[in-house]
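Chain residues, written in single-letter form:
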Amino acid sequence: MDEDDTHVLQPTLNIGLVGHVAHGKSSVCRYLSGKRTQQHSQERKLHGATVKLGYANCKVCRCAGSCPAPVCFVTMGGDDPSLPTPPCNGCEGPTYVVKHVSFVDTPGHHDLINTMLTGASAFDGALLLVAANEAVPAPQTASHLAILTQMGFNNSQVCVLQNKSELLFGGGRGVAEGSAALESHAAKIRSFVKDTAAEGAPLLPVSAQLGHNMDALAGWLGTLPDRGTGVGGGAVFNVVRSFDTNHPGDATRSLKGGVLGGALLEGSLRRGDTVELRPGRVTRDEKGKVVSFSPIVTKIVKIMSGKTELPSVVPGGLIALETDIDPALTRADGLTGMVAGKPGSLPPCFKRIFLDLTWLTAHQLGQKGAGDASDSDSDSDSDSDTSSEGDEEAAAGGGGGGGGGAKGAPKLAPKDRLQLSVGSAITTGRVKRCSNRQGKAEIVLDSVVACRIGDRIAVEVKKEGKGWSLAGFGIVREGVECNLDGGAQLDEKVVDGAEGEGQGEDEASTMPPSTTSAATEAADETTEPSGPTLDHDTLNFSEGGDEDWRQRFTALLEEKSRALLDHTRLKVPPPVLVRDGGARARWMNFGATCLALRRPPSHLAAFIRAEGGLGEVSLAGLDDISEAGTGSCGDLAMGKLQLRLHTRARALMDKVCKLLRKYCVEFVSCKQCRSAQTTLTRNDDKDIRRRATADMVLTCRECSASTFARRI
C-alpha cells in the first residue's frame, strides 16, 4: 500500500451530528453510512438512546454518467474498502467516490453535554438537526449551536437539517397546508440562527426515515474541502476514546495492547512511530493535590480506519491507534482527554490557568425568559471584582474576554467550583481569583491538562438541582506548568502568550475548531486542501435556495410516499356485546376486531385484562383456541372468535369502546405520523394470563418510524 492509497482509504473530514435529543441524529447517520452508532450495552438497554459518542465512516459517491445533481449522489458505508460503490439512484449506472468522511454522533441530553464537547474537539463540520414537528429552539439545539459558534465554525461548515419534515403532512392536512407549516417552521429556524455559526448556512428539509432530500445532503458533504494535511511540524493526536479489544479467556500470547481512538490534528504518524501521551500518569500527595505528571511513551503497532489498516495517517477523519500500552490503562475510556504525538512536540501541561471568560446569554442557551434570579442583582455588589489577593493580580493574563458583565452571567467568587472542557479532556477546578467586571478568572485545576495558550475551552457551572450546566467559554491567556515526574522542579512561573506562541482572542475566535493553535495555523498555511471538491454552483445551498428544497421535498413526498399523505384509515367494526348471565358478557365480533387491527387476540385480550375494570377475560367461540391467541388459525376461524368478559359493569359498551380507543393510540397508531398502518413485532405469549417477557416494537409501514411499546 503506497502513500496515495492512504489518502484514498482514510476519511478526510470529521462531521459532527448535533442537536436536541430525539431529533434524528442517529437516524441520519444510519441512513448515510448504514451503521448503527449505538454500540454500548447501556445504549441498548435504553432502547437506542445515544449515551456515548458514536462513530461511522461514510463515502459520498457520484454518478459517472450525466445525471443531474442532487439525484447523482448516493452514500455508502466507508469501513470496508472491498465493497463496490452503489449504483446511481437516477440511471442505476456506476458511481465513483468523491468524499470520504467520518461521522461523530453526539448525545442530545442535557446531562451529556460533556460528551458532546469531547466529540466537538475533533469536528471539521457539523450537521445541526432540528425536528420539524417540535418548537424552535429546543434547549440542547441552542446549546450545541452556541458551542459551534464559540468554537469558530462558520456557515460553510454547518448544514441545518429540518428532519422529520414528513410529519407536517398528512393527518387530515393537505399538501398546501403541510407546505405552509414547513415554510413557517423554516422561518423560525432562520430567525433563531441569526448571529450564529449557522446564519446563512444551508437549510434542508429531509426525512431520515423515508430518504427524501438525503441525496441533497450527500451533495453538500461532497462540496466540503478536505482538511489541510499539515504534514510540517510535530504530530498532535486528540484522544477522544480508548478501549481494550481483548476478550475474557484470550491466551496470554495473543493479548493486544490498548487502542486509542481520535483524530490527528497536525503532522503525520506512521506504523512503528514512538509517541508520547500527555499528561499521562498524575502523582498526588496525601491531600490529593497534584504534585507532578509522567507522560506515557508507547509505540504504534497498527493504524486502523474502520476495517482498513493504514501504513500512515495525515490529518483527517477518525482513526484508531493500536499501541503496546497495558490495555488496563485504556479500558473504559481511561485515556480519553490525553494528547498524543511525537516526543517533544506536544503542548505544555498546566495545573493552573488564567482565563478570559465569555458568558452565554439565555437566548444562546435556549432558555425561556431572560434568565434566572441572578439577573435581579446584576447591578448589586456581586458585580464588583472579587479577589482574595487584589483585582490587579486577579486580572493577570491580559486581553479582554468580553461578556464578563453580561446580564444574567454567573457571578464567580473564590472557591467556586467549575467544570472545564479542554479539548477532549474534562476536568474540574476551583476559582482562586476572579474579576466579574472584567471577565477574568484564575482556576486551580483538580487534574493536569495539556493545552496551548490561546486555546478556547468550555466552562460549566453547577446549578442547584440541575447539576453542571454550560455557561460560557474561556480563552487560556496564561498558565502555570506542572512539574514533570523525575525532572527538575519548576518554579511557579506563569507561561504567557508570548512564551506559548499563543494568539489573540480575535484570531482564536475565527479559526476552525481543528486549528485553534498558532502551530496548526502555520502548518495549514503551507499546505493546500487536498482531494476532489464540487462547485457550489451546481447545487444552490444559499439561503435563497430554501424554497427550492422545500418544493423538491414536497414533490418527492407526493411521488414516493402518497400513502403517508392519504393516511389510509383502518375500519374497525363496532363491538357487539351480548350479556351471558348476570356476571358475564361476550364480545361476539372480537376476532373480527383483531383482524381489522392486525393484532393477535392474545395481546388485545391481555391489554383489556391488565387495564382493569372489566374483570377476568378469556377467549371463547372455538373448539380449539390454542392457535387463536396468536391469530394463526385462519381468517374464517378468527371471525368466530369471541372474548368472554367476567364483569357486572354498567355502561359496558362505553367502557369497551374507551379501552379500544386507548389500545389503538398506544399499540396501533404511529407516534410520529399518526398512521394506523403499523406492525407490532415480538408478540405476547399464547397464554394471555402470562405477562410479556420481551419488549415489543411498533413499526410504521408508511414513515418507517420504530418505537418501543410497553410490556403488558
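The following paragraphs examine the structure supplied in this document. These numbers come from a predicted model, not from an experiment.

About the thresholds
- Here the residue numbering is sequential within each chain, running from 1 through the sequence in written order.
- In keeping with the predicted nature of the model, local features appear solely for residues at pLDDT of at least 70, side-chain atom pairs appear and are counted solely at 80 or more, and the whole-chain, interface and lining totals rest on all residues.
- Side-chain measures were taken over the full set of non-hydrogen atoms in the model, leaving aside hydrogen atoms and water.
- A run of H or I in DSSP counts as a helix once it spans at least four residues, and a run of E counts as a strand once it spans at least two, with each numbered from the N terminus.
- For every residue, the accessible area (1.4 Å probe, protein chains only) is compared with the maximum for its type, and the residue is labelled buried under 20%, exposed over 50%, or partly exposed between those bounds.
- Contact between two residues is taken to exist if any of their heavy atoms lie within 4.5 Å; hydrogens are not considered.
- We get accessible surface area from the Shrake-Rupley algorithm with a probe of 1.4 Å; when it comes to residues, only the shown protein chains can shield them.
- Here a helix's expected span is defined as the number of its residues, less one, multiplied by 1.5 Å.
- Just to be clear on terms, a salt bridge is a Lys or Arg side-chain nitrogen sitting within 4 Å of an Asp or Glu carboxyl oxygen.
- Note on pairing: two strands pair once DSSP finds at least 2 bridges between them.
- Aromatic rings from Phe, Tyr and Trp, taking only the six-membered ring of Trp, are treated as a pair when their centres fall within 6.5 Å; an angle between ring planes under 30 degrees marks them as stacked, one over 60 as edge-to-face, and anything in between as tilted.
- Helix axes are fitted to C-alpha atoms over the stretch in contact, other axes to C-alpha atoms as well, and angles between N-to-C directions run from 0 to 180 degrees.

Observations concerning the overall build of the chain
Of regular secondary structure, the chain possesses 17 helices and 32 strands. The 712 residues of the chain split such that 53% are buried. Considering only contacts within the chain whose residues lie at least 6 apart along the sequence, 72% involve residues at least 24 apart. Of the roughly 30300 Å² of accessible surface on the chain, a fraction of 49% belongs to carbon and sulfur atoms.

Let's talk about helix H12 (residues 546-560)
The end-to-end C-alpha distance of H12, which contains 15 residues, comes to 21 Å, matching closely the 21 Å that a straight helix rising 1.5 Å per residue would cover. Those residues of H12 that fall on the buried side of the exposure criterion are Asp546, Trp549, Arg550, Arg552, Phe553, Thr554, Leu556 and Leu557.

Observations regarding the pattern of salt bridges
Under the definition given, this model contains 18 salt bridges. The shortest N-O distance in the salt bridge between Arg331 and Asp244 comes to 3.0 Å. Here Arg331, found in the loop between helix H8 (327-330) and strand S16 (339-341), pairs with Asp244, found in the loop between strand S8 (236-243) and strand S9 (259-266); they are 87 residues apart in sequence, far enough to count as distant. The closest approach of N and O atoms between Asp356 and Lys440, which form a salt bridge, is 3.0 Å. Residue Asp356 is located in strand S17 (residues 349-359), and its partner Lys440 is located in strand S21 (residues 440-450); the two are separated by 84 residues in the primary sequence. Of the residues examined, Asp356 reaches a relative accessible area of 2% and is grouped as buried. Three or more residues are tied together by salt bridges with common partners; here these are Arg352, Arg433 and Glu442.

As for the pairing of strand S23 (residues 467-481)
Across the 15 residues that make up S23, a large majority, 12, are buried. Judged from the nine bridges that link them, S17 and S23 form a sheet pairing that is antiparallel. Bridging from a neighbouring strand, Thr358 pairs with Phe473 of S23. Judged from the eight bridges that link them, strand S22 (residues 456-463) and S23 form a sheet pairing that is antiparallel.

Comments concerning the packing of aromatic side chains
What the rule picks out here adds up to six aromatic pairs. Residues Phe607 and Phe667 carry aromatic rings whose centres are separated by 5.8 Å and whose planes lie at 80° to one another, so their mutual orientation is edge-to-face. Of this pair, Phe607 sits in helix H15 (residues 601-611) while Phe667 sits in helix H17 (residues 652-667), placing them 60 residues apart in sequence. In this structure an aromatic cluster arises from ring pairing among Phe607, Tyr663 and Phe667.

Section: helix H5 (residues 139-150)
Compared with the 16 Å implied by 1.5 Å per residue over 12 residues, the 17 Å span of H5 between its first and last C-alpha is a close match. Buried residues dominate H5, accounting for 10 of its 12 residues. Within H5, burial applies to Gln140, Thr141, Ala142, Ser143, His144, Leu145, Ala146, Ile147, Leu148 and Gln150. Just beyond H5, the residue with positive phi is Gly152, at close to 95°.

Let's talk about the sheet that holds strand S31 (residues 696-700)
One open sheet accounts for three strands, arranged S30-S31-S32; its pairing is antiparallel. Here the strands that pair on one side only, and so sit at the sheet edges, are strand S30 (678-681) and strand S32 (706-709). Here the average twist between neighbouring strands, direction ignored, is 25°. Of the pairings in the sheet, the one linking S30 to S31 comprises four bridges and is antiparallel in character.

Considerations on unusual backbone geometry
Cis geometry is found at the peptide bond from Ala69 to Pro70, where omega equals 0°. On the secondary structure map, Pro70 appears in the loop between strand S2 (54-63) and strand S3 (73-77). With an omega of -5°, the peptide bond running from Val136 to Pro137 counts as cis. Residue placement: Pro137 occurs in the loop between strand S5 (125-131) and H5. Located in the positive-phi region is Ala22, a residue other than glycine, with phi close to 65°. Of note, Ala22 is situated in the loop between strand S1 (13-19) and helix H2 (25-33). For Ala22, a relative accessible area of 51% corresponds to the exposed category.

Focus: the environment of Lys307
Mapped onto the elements, Lys307 comes out in the loop between strand S12 (290-305) and strand S13 (308-310). Here Lys307 falls in the exposed class, since its relative accessible area comes to 62%. For Lys307 and Gly78, which are 229 residues apart along the polypeptide, the C-alpha to C-alpha distance reads 8.8 Å. Ignoring anything within four residues of it in the chain, the contact list for Lys307 reads Asp79 and Asp80.

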